[in-house]
Amino acid sequence: MPGDALSQDPAELRRRIDTTKAHPARVYDVFLGGKDNYPVDREAAAAALAANPRGYLDVRHNRDFLRRAVTTLTQEAGIRQFLDIGTGLPTQENVHQTAQRITPDARVVYVDNDPVVLAHARALLAGGPEGETDYIDADLKQPAQILEGAAKTLDFGRPIALVLVAVLHFIEDEEAYPIVRELVDALPSGSRLVLSHLTEDLNPENIRAVQRTYTERGFTFVLRSKAEVERFFTDNGLELDEPGVVPAHHWRPDGAAPAPEKVEAAYLATLDDIGKVGYRDINDVTDADINVYAATAVKR
């Protein structure tokens, strides 16, 4: 039920969790070093990593783009409200943590449809005392439901940043573009769209190999060109912020990407390839590693 995440029956949540099929939010959690996933998710992540051994850099740099975008919009554009759809599992540097550290009264609404994410909604809702956070149990394919629920926390008379980070490549064209249009149409002037998306423009062989591992597991996985990604902005009359649609690691780099925890080599040797990902430094990235476009834009 929109805006009523914490009232959900725990038994019903457990019933909804399918541990026999990988889920994008939980696979993403694996690559971020999270623990809220299942063997089937780790197996999917391991297959993707085998297909592209430096593919974890797409995930980690996508996450760091989100940090930089929220920081920039809060500090420079004065954005105080965020609607983050396809939130995923709680991790470090969630939107509310980044925004409320800069402006404690920031309001953030998270949206996801994975019951495992919902089960951890309390962690996402643990915002600062001056701000406000909420969680909506809904699918991106239900924009009207999302907007109705978000209006309980966000003021649609003031600018809102719509966050669609690494989520639209799970939706086919015939649905993706209309969904974004409906969401953007509801935003007031001065609002922003924060978007990232996988592509085969940059390093096609690597990302196509990853795509095969996901589609074999039943995921929709749409790789879009730069022009197709730009359509999410231009079709809706949005004005791209500098530097436009660029590989994620080139979007306003600030040299502040989180450094990994240092551990003994002997301990690392006990981990499998997936287990080692959380201890990899992402600052050695090259253009040959990244398959994610990223951008922000303003609604005039």
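Analysis parameters
- Residues numbered from 1 in each chain as written.
- Predicted model: local features only at pLDDT ≥ 70, side-chain atom pairs only at ≥ 80, totals over all residues.
- Heavy atoms only, no water.
- Core = buried A, V, L, I, M, F, W, Y, C linked by side-chain atoms within 4.5 Å.
- Buried < 20%, exposed > 50% of the residue type's maximum accessible area, 1.4 Å probe, protein only.
- Helix = DSSP H or I, 4+ residues; strand = E, 2+ residues; numbered from the N terminus.
- Contact = heavy atoms within 4.5 Å.
- Axes fitted to C-alpha atoms, helices over the stretch in contact; angles between N-to-C directions.
- Parallel < 35°, antiparallel > 145°, perpendicular 65-115°, else oblique.
- Left-handed = near helix turned anticlockwise from the far one by under 90°.
- Phe/Tyr/Trp six-rings, centres within 6.5 Å; stacked < 30°, edge-to-face > 60°.
- Lys NZ or Arg CZ within 6 Å of the ring centre and 35° of its normal.

### Points about the nonpolar core
Core analysis: the largest hydrophobic core is formed by 56 residues, its most contacted members being Val27, Phe31, Phe65, Phe82 and Tyr214. With eight residues, the top contributor of residues to this core is helix α4 (residues 56–76). The residues contacting phenylalanine 82, other than those within four sequence positions of it, are Val70, Thr74, Val95, Ala99, Arg107, Val108, Val109, Leu154, Ile160, Ala161 and Val163. Within the second largest apolar cluster, 34 residues are counted, among which are Ile85, Ile136, Leu140 and Val245.

### So, the packing of α4 against helix α5 (residues 95–102)
Two numbers describe how α4 lies on α5: the axes approach to 9 Å, and their chain directions differ by 30 degrees. Judged on the interaxial angle alone, α5 and α4 are roughly parallel. For the crossing formed where α4 meets α5, the hand is right-handed. Residue-level contacts link Leu66, Arg67, Val70, Thr71, Thr74 and Gln75 of α4 to Val95, Thr98, Ala99 and Ile102 of α5.

### As for the packing of aromatic side chains
Inspection of the entire model under this criterion finds seven aromatic pairs. Seen in terms of ring centroids, tyrosine 214 and phenylalanine 219 are 5.4 Å apart; in terms of plane orientation they differ by 10 degrees. Their pairing is stacked. As far as the burial class goes, tyrosine 214 and phenylalanine 219 line up, both buried. Seen in terms of ring centroids, tyrosine 214 and phenylalanine 221 are 5.0 Å apart; in terms of plane orientation they differ by 40 degrees. Their pairing is tilted. No difference in accessibility class separates tyrosine 214 from phenylalanine 221, as the two residues are buried. The ring of tyrosine 177 carries arginine 231 above its face, with NZ or CZ at 3.8 Å from the centroid.

Don't take any of this as a statement about function, it's just geometry.
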